[in-house]
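Reading the structure
The primary structure of each chain is shown beneath.
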Amino acid sequence: LLYDDEHTEYKTKYPDQFRFDYAVSREQKNAAGQKMYIQTKMAEYTEDLWQLMQKPNTHIFMCGLKGMESGMEECFSPIATKNGLDWKEFAKGMKKEGRYHVEVY
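Each value, and the rule that gives it
- Residues numbered from 1 in each chain as written.
- Predicted model: local features only at pLDDT ≥ 70, side-chain atom pairs only at ≥ 80, totals over all residues.
- Heavy atoms only, no water.
- Buried < 20%, exposed > 50% of the residue type's maximum accessible area, 1.4 Å probe, protein only.
- Helix = DSSP H or I, 4+ residues; strand = E, 2+ residues; numbered from the N terminus.
- Pairing = 2+ DSSP bridges.
- Phe/Tyr/Trp six-rings, centres within 6.5 Å; stacked < 30°, edge-to-face > 60°.
- Lys NZ or Arg CZ within 6 Å of the ring centre and 35° of its normal.
- Arc of directions from axis to C-beta.
- Contact = heavy atoms within 4.5 Å.
- Core = buried A, V, L, I, M, F, W, Y, C linked by side-chain atoms within 4.5 Å.

1. Observations concerning the pairing of strand S1 (residues 60-64)
Of the two faces of S1, the one holding Ile60, Met62 and Gly64 is buried and the one holding Phe61 and Cys63 is not buried anywhere. Bridge count for S1 against strand S2 (residues 100-104) is five bridges, and the pairing is parallel. Paired with phenylalanine 61 across the strands is histidine 101, a residue of S2.

2. Observations concerning the packing of aromatic side chains
By the definition in use, this model includes seven aromatic pairs. Residues phenylalanine 18 and phenylalanine 20 carry aromatic rings whose centres are separated by 5.9 Å and whose planes lie at 40° to one another, so their mutual orientation is tilted. A residue is classified by how much of its surface remains accessible, and phenylalanine 18, at 22% relative accessible area, is partly exposed. Its relative accessible area of 28% is what places phenylalanine 20 among the partly exposed residues. Among the aromatic residues, those joined into a cluster by ring pairs are Trp50, Phe76, Trp87, Phe90 and Tyr100. Its end group placed over the ring of tyrosine 45, arginine 19 keeps NZ or CZ at 4.3 Å from the ring centre.

3. Some thoughts on helix H3 (residues 46-53)
Within H3, burial applies to Thr46, Trp50 and Met53. Seen from one end, H3 has its buried residues packed into an arc of 60°, which puts them on one side. On its buried side, H3 packs onto helix H2 (38-43), S1, helix H4 (68-82) and helix H5 (87-96).

4. Description of the nonpolar core
Nonpolar side chains in soluble globular proteins tend to end up buried together. Within the largest apolar cluster, 16 residues are counted, with the highest numbers of intra-cluster contacts made by Trp50, Met53, Met72, Phe76, Trp87 and Tyr100. Of all the secondary structure elements, the ones that give two or more residues to this core are H3, S1, H4 and H5. In terms of residue count, H4 provides more of this core than any other element does, six residues in total. The residues contacting phenylalanine 76, other than those within four sequence positions of it, are Met42, Thr46, Leu49, Trp50, Met53 and Trp87.

In structure tokens form, the structure reads like this:
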């Protein structure tokens, strides 16, 4: 997996400050036995992730297929709305702050 060694090292060095997970659709299954997609994995941690995104030192790195961006929207639109925000605008704000990093193809 891309950057696995680096992620593991950061998690070892900074256990209270670094968290990562993978969603590998060809290799993992979700609780319903379906392919594991990014939105499925993030849905397991939606509340925690949303709280982290409110902090100015939180960065999101998304790498993979272009369709992953719609998975982010699917996952976070409901919680953004619940908090009186629009996910697309919130994500744009994070991008402007240099905290939302997207590498898709």
